[in-house]
Amino acid sequence: MNDSPALRSFIPPYILNRIIAHGSEPQRTAAMITLHHVQNLLPNPGPPSRPPERAILPPPGKPGVAQRSLHDAQNKMLLPGMPVRMEGQPATGDAAVDEAYDALGASYDFFWKVLRRDSIDNKGFALVGSVHYGLGYENAFWNGAQMVFGDGDGEIFQRFTRSLDVVAHELAHGVIESTAGLIYANQSGALNESLSDVFGILTKQFVLGHTVEQADWLIGADLLTPKINGRGLRSMSHPGTAYDDPLLGKDPQPDHMREFVITQEDNGGVHINSGIPNRAFYLAARALGGFAWKKAGMIWYDALCDKRLNPDADFDAFARLTVDHAAQRFGAREVEAVRQGWAQTGIEITETL
Amino acid sequence: MKTLPALGDDARVRLSRQGGFAAIHAFSRPREIEFAQCDISQRTRICSVLEGCLPLDSTVSGRGDQRFYQIEVNYRSGEQEDRMVLKVPEDQAPGELVHLWDTGQLL
């Protein structure tokens, strides 16, 4: 699948890397110059250096205790909005505020109890969230300092705090910027998106106590209104099957490299091609059985934190690291499960690091 | 900062809103404006909107599920087709740009 042929495409970094590895000398030189240029064009913001301006923050806590600060944007697009619930304060009765508060707490707990990570920067960074952002706003995001949630339009989307995995997904974006800093374009961008989905879905499974067999593996399962023919926004187990609706169209996610989508939309299809590593994670977790966070989740987190993971890493580079960490942390059975998971999506890892 | 090239009869401007957690193609609502169909006044005003977006172009647009406006300008430079892309973060997008994308009308 491609964009209109009339539009010129640029060469994604993973192809430049292939040219550098296998091309002729002039090709290699040209590709290296281009890659260097591309990397300069795409700086990653890195870990958050400070909380959002004007946010009311709870006092510094201790490791293992979340420090949440919820604000109400009052349907404006100005952040962070009015402070409405600080850490330890009782429920407000506003569903969006209380859902976000609970989901941020659950996400913090998942990262702390399972991965021993103390918040976004591993130094207890305060979790600031704003709800009721904009009017009928159909999005949730991490802006480098805080998380933001819209109410949805009520026709297609309900409020974005309804799905725990969505809140955890946004928090995970902060974690990814604080670790590998995967550049938000092309394959590294799709990995960035996939890893946010992975930690989002693991948070949900951890809270619900679901095994890989019990879990729904759906991202945003509570977002779509009943008017929409869909189960969620993305399916990690069967990418491309989450929705098929006259208004939304059909879920475009591929589940295999042979269907990789080359596009100039959405920074090179970061929310589309994430289906491939999502499926690889699901297959590895399914093969390992039990609770997905105990083995597959640990392996994926180890790979994310590995200094060898470059900001412009492609699927292949990340897959190699997961195989390596499966061996380091576990054993041959886990290595084979991870290797097979990737292989079934068209990413063959034959050499170890 | 990029500079806006001279845009003639062949120029086409494509506006779309992209990215976001729910990055669904149907929501990008791409709008294409052909300069050949615009009078001089309209072209001038569109170029003014584009000029205002030049300093807002950001290579990190979209990160962390933030939405952004993508402006693709296809134009002829001598004998060659050329193309310029701007990515403007949603929270910085000028009202004129949003209105043009949303309605196809100039403010």
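Keep in mind that this is a model prediction, so the values were computed, not measured.

**Q** Any chance you could explain the overall build of chain A here in plain terms?
**A** Counting its regular elements, chain A contains 10 helices and 9 strands. Counting only residues that meet the buried cut, chain A has 58% of its 353 residues in that class. Taking the intrachain contacts of chain A between residues at least 6 apart in sequence as the baseline, contacts between residues at least 24 apart amount to 58%. Within the structure as shown, chain A displays about 14,300 Å² of accessible surface, and the carbon and sulfur contribution to it stands at 54%.

**Q** Sorry if this is basic, but what is going on with the pairing of strand β1 (residues 12-18) of chain B here?
**A** Residues and elements named next belong to chain B. Here β1 lies mainly inside the structure; 6 of its 7 residues are buried. Relative to strand β2 (residues 31-34), β1 is paired through 4 bridges, and the arrangement is antiparallel. When the bridges of β2 are listed, Val-13 appears paired with Ile-33. Here β1 runs beside strand β3 (residues 68-77); their pairing, made up of 7 bridges, is antiparallel. Along β3, the bridge assignment pairs Arg-14 with Glu-72.

**Q** Can you help me understand the packing of helix α5 (residues 186-208) of chain A against helix α7 (residues 275-288) of chain A in this one?
**A** Geometrically, a packed helix pair is captured by the angle between its two axes and the distance between the axes. Residues and elements named next belong to chain A. Two numbers describe how α5 lies on α7: the axes approach to 8 Å, and their chain directions differ by 40 degrees. Comparing their axes, α7 and α5 come out oblique. In this structure, the crossing between α5 and α7 has a hand that is right-handed. For the pair α5 and α7, contact is made by Ala-190, Leu-191, Ser-194, Asp-197, Val-198 and Leu-202 and by Pro-277, Asn-278 and Phe-281, respectively. Along the lines of polarity and charge, the residues of the contact of α5 with α7 split into 6 nonpolar, 2 polar and 1 charged.

**Q** Sorry if this is basic, but what is going on with the interface of chain A and chain B here?
**A** Many authors give the size of an interface as the accessible area that is lost as the parts come together. Residue-level contacts link 38 residues of chain A with 32 residues of chain B. Counting the surface lost from both chain A and chain B, the interface buries some 2,700 Å², and carbon and sulfur atoms represent 49% of this. If you look at where chain A meets chain B, you find 2 salt bridges. In this structure, Glu-177 of chain A and Arg-63 of chain B form a salt bridge, with 2.9 Å as the shortest nitrogen-oxygen distance. Counting every contact that joins chain A to chain B gives 18 residue pairs in polar contact (both at pLDDT 80 or more). For the side of chain A that touches chain B, the elements supplying multiple residues, two or more each, are β4 (140-142), α4 (164-178) and α6 (266-269) of chain A. Classifying every residue of the side of chain A that touches chain B by side-chain character gives 22 nonpolar, 8 polar and 8 charged.

**Q** Just checking my understanding: could you explain the packing of aromatic side chains for this structure?
**A** In this description, an aromatic ring pair is defined by two values, namely the gap between the centres and the angle between the planes. All names here are of chain A. For the structure on display, the rule yields 20 aromatic pairs over all chains. Look at Phe-111 and Phe-199: their rings are 5.6 Å apart centre to centre, the planes differ by 50 degrees, and that puts the pair in the tilted class. Here the residue Phe-111 occupies a position in helix α3 (residues 95-115), and Phe-199 occupies one in helix α5, the gap between them amounting to 88 residues. Judged by its relative accessible area of 2%, Phe-111 falls in the buried class. Residues Phe-199 and Tyr-301 carry aromatic rings whose centres are separated by 6.1 Å and whose planes lie at 85 degrees to one another, so their mutual orientation is edge-to-face. Of this pair, Phe-199 sits in helix α5 while Tyr-301 sits in helix α8 (residues 296-305), and the two are 102 residues apart along the sequence. A residue is classified by how much of its surface remains accessible, and Phe-199, at 1% relative accessible area, is buried.

**Q** Is there a simple way to explain the side chain of Thr-211 of chain A in this structure?
**A** By secondary structure assignment, the location of Thr-211 of chain A is in the loop between α5 and β6 (218-219). Not counting residues up to four positions away in its chain, the partners in contact with Thr-211 of chain A are Gly-290 and Phe-291 of chain A.

**Q** Explain the pattern of salt bridges to me, please; I cannot follow it from the model alone.
**A** For side chains of opposite charge, pairing can occur when their charged atoms come near one another. Residue and element names in this part refer to chain A. If you walk through the whole model with that rule in mind, you get 27 salt bridges over all chains. In this structure, Arg-159 engages Glu-99 in a salt bridge whose closest nitrogen and oxygen atoms are separated by 2.7 Å. Taken as a pair, Arg-159 in the loop between β5 (147-149) and α4 and Glu-99 in helix α3 lie far apart in primary sequence, 60 residues in all. Taking relative accessible area as the criterion, Arg-159 reaches 25% and is therefore assigned partly exposed.

**Q** Teacher, can you tell me more about the sheet that holds β3 of chain B here?
**A** Two strands in a sheet stick together by hydrogen bonds in their backbones, pointing the same way (parallel) or opposite ways (antiparallel). Residue and element names in this part refer to chain B. With antiparallel pairing, the 4 strands of this open sheet are ordered in space as β2-β1-β3-β4. A single partner strand is all that each edge strand has here, and the edge strands are β2 and β4 (80-89). The average undirected angle you get between the axes of adjacent strands in this sheet is 15 degrees.

**Q** So what exactly am I meant to see when it comes to helix α3 (residues 95-103) of chain B here?
**A** Side chains that are three or four residues apart share a direction in an α-helix, a result of its 3.6 residues per turn. Residue and element names in this part refer to chain B. Within α3, the full set of buried residues consists of Leu-97, Leu-100 and Trp-101. Down the axis, α3 shows its buried residues gathered within 95 degrees of arc, on one side only. Its buried side turned inward, α3 meets β1, α1 (25-28), β2, α2 (40-53), β3 and β4. Of the residues trailing α3, Gly-104 is marked for its positive phi of about 80 degrees.

**Q** So what exactly am I meant to see when it comes to the environment of Leu-107 of chain B here?
**A** All names here are of chain B. Positionally, Leu-107 belongs in the segment after α3. For Leu-107 and Lys-2, which are 105 residues apart along the polypeptide, the C-alpha to C-alpha distance reads 24 Å. Other than its neighbours up to four places away in sequence, Leu-107 contacts Arg-45, Gly-95, Glu-96 and His-99.

Conventions adopted
- For every chain, the first residue of its written sequence is number 1, and the numbers climb from 1 along that sequence.
- Just so you know, chain letters begin at A and ligand numbers begin at 1, following the order they were written in.
- With the structure being a predicted model, the display of local features is reserved for residues of pLDDT at least 70 and the display and counting of side-chain atom pairs for 80 or more, all residues being used for whole-chain, interface and lining totals.
- Heavy atoms from the whole structure form the basis of all side-chain values; hydrogens and water molecules are not counted.
- Strands are runs of DSSP state E lasting at least 2 residues, helices are runs of H or I lasting at least 4, and numbering of each runs from the N terminus.
- For every residue, the accessible area obtained with a 1.4 Å probe (protein chains only) is divided by the maximum for its type, and the residue is called buried under 20%, exposed over 50%, and partly exposed between those limits.
- Should any heavy atoms of two residues lie within 4.5 Å, those residues are counted as being in contact.
- Each accessible area is a Shrake-Rupley estimate made with a 1.4 Å probe; only the visible protein chains count as cover when residues are assessed.
- For two strands to be treated as a pair, DSSP must find no fewer than two bridges joining them.
- Lines fitted to the C-alpha atoms define the axes, with helices restricted to the stretch that makes contact. Angles between their N-to-C directions range from 0 to 180 degrees.
- Any angle that is under 35 degrees is reported as roughly parallel, and any over 145 degrees as roughly antiparallel; angles of 65 to 115 degrees are reported as roughly perpendicular and all others as oblique.
- Note: crossing handedness is left-handed where the near helix turns anticlockwise from the far helix by less than a right angle, and right-handed where it turns clockwise.
- Under the scheme applied here, ten amino acids are nonpolar (Ala, Val, Leu, Ile, Met, Phe, Trp, Tyr, Cys and Pro), four are charged (Asp, Glu, Lys and Arg), and all others, including Gly, are polar.
- The term buried area refers to how much accessible surface (probe radius 1.4 Å) is lost by two components on association, counted for both of them together.
- Any carboxyl oxygen of Asp or Glu that lies within 4 Å of a side-chain nitrogen of Lys or Arg is treated as forming a salt bridge with it.
- For this analysis, a polar contact is any N or O atom pair within 3.5 Å, provided that within protein one partner can donate a hydrogen and the other can accept it, and provided that sequence-adjacent residues contribute only side-chain to side-chain pairs.
- Note on ring pairs: Phe, Tyr and Trp rings are taken, using the six-membered ring of Trp, and paired if centres are within 6.5 Å. Classes follow the plane angle, with under 30 degrees stacked, over 60 edge-to-face and the rest tilted.
- Each C-beta atom gives one direction from the helix axis, and the arc is the one those directions make.

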